[in-house]
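In case you want the letters, here they are:
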Amino acid sequence: MADEQRRTDGEVLERTERQVQEPEFYQVVLLNDDYTTMDFVVQVLEEIFNKQPAEAYRIMMQVHTQGRGVCGHYPYEVAETKVATVQDRAREAGFPLQATMEKA
Ligand code: TYC
């Protein structure tokens, strides 16, 4: 009986507040331009964003036809590094390819 009352008397057992702060995620977005080659964009998606070839091609074509495409979701500092790496690689290769990050 005592057990039964403990179960039904309605003490709230669930925690409603998170105990740890989860990292905020950002999406890295690749932008279209008229000069960067498709092959270079696919290479960037494979090497910087670890995409398989078919997925890299799909994302590249999405950017090409729609103006922008999401390459992945990452914690803030990882996203920042990915954007900087894209820009460094594009500059080295002489392409105007741009990437940006947005809160996911
Ligand atoms: N529009 C480019 C072309 O026709 C290809 C391209 C795709 C460029 C995606 C940038 O993020 C990009 N060569």
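What counts, and where the lines are drawn
- Residues numbered from 1 in each chain as written.
- Predicted model: local features only at pLDDT ≥ 70, side-chain atom pairs only at ≥ 80, totals over all residues.
- Heavy atoms only, no water.
- Axes fitted to C-alpha atoms, helices over the stretch in contact; angles between N-to-C directions.
- Helix = DSSP H or I, 4+ residues; strand = E, 2+ residues; numbered from the N terminus.
- Parallel < 35°, antiparallel > 145°, perpendicular 65-115°, else oblique.
- Left-handed = near helix turned anticlockwise from the far one by under 90°.
- Contact = heavy atoms within 4.5 Å.
- Nonpolar A, V, L, I, M, F, W, Y, C, P; charged D, E, K, R; others polar.
- Core = buried A, V, L, I, M, F, W, Y, C linked by side-chain atoms within 4.5 Å.
- Buried < 20%, exposed > 50% of the residue type's maximum accessible area, 1.4 Å probe, protein only.
- Phe/Tyr/Trp six-rings, centres within 6.5 Å; stacked < 30°, edge-to-face > 60°.
- Lys NZ or Arg CZ within 6 Å of the ring centre and 35° of its normal.

(A) Spotlight on the packing of helix α2 (residues 38–47) against helix α3 (residues 53–66). Contact geometry of α2 with α3 gives a least axis separation of 9 Å together with a crossing angle of 125°. Between α2 and α3, the angle falls in the class oblique. Considering only the axes of α2 and α3, their crossing is right-handed. Facing α2, whose interface residues are Met38, Val41, Val42, Leu45 and Glu46, α3 presents Pro53, Ala56, Tyr57, Ile59, Met60, Met61 and His64. Residue classes in the contact of α2 with α3 are distributed as ten nonpolar, one polar and one charged.

(B) Examining the nonpolar core more closely. One finds Val28, Leu30, Val44, Leu45, Phe49, Val86 and Leu97 to be the most contacted residues of the largest nonpolar core, which totals 22 residues. Residue assignment for this core shows that the elements contributing at least two residues are β1 (25–31), α2, α3, β2 (68–75) and α4 (76–93). The greatest single-element share of this core, amounting to five residues, is contributed by α2. In contact with Val86, other than residues within four places in its own chain, are Leu30, Val44, Ile48, Phe49, Leu97 and Ala99.

(C) Inspection of the packing of aromatic side chains at higher detail. Throughout the structure, instances matching the rule amount to three aromatic pairs. Arranged with centres 6.3 Å apart and planes meeting at 40°, the rings of Phe49 and Tyr74 form a pair that is tilted. Separated by 25 residues along the polypeptide, Phe49 in the loop between α2 and α3 and Tyr74 in strand β2 bring together distant segments of the chain. Like Phe49, the residue Tyr74 is buried in the burial classification. Sitting over the face of the ring of Tyr26, Lys103 holds its NZ or CZ atom 5.8 Å from the ring centroid.

Read these as geometric descriptors, not functional statements.
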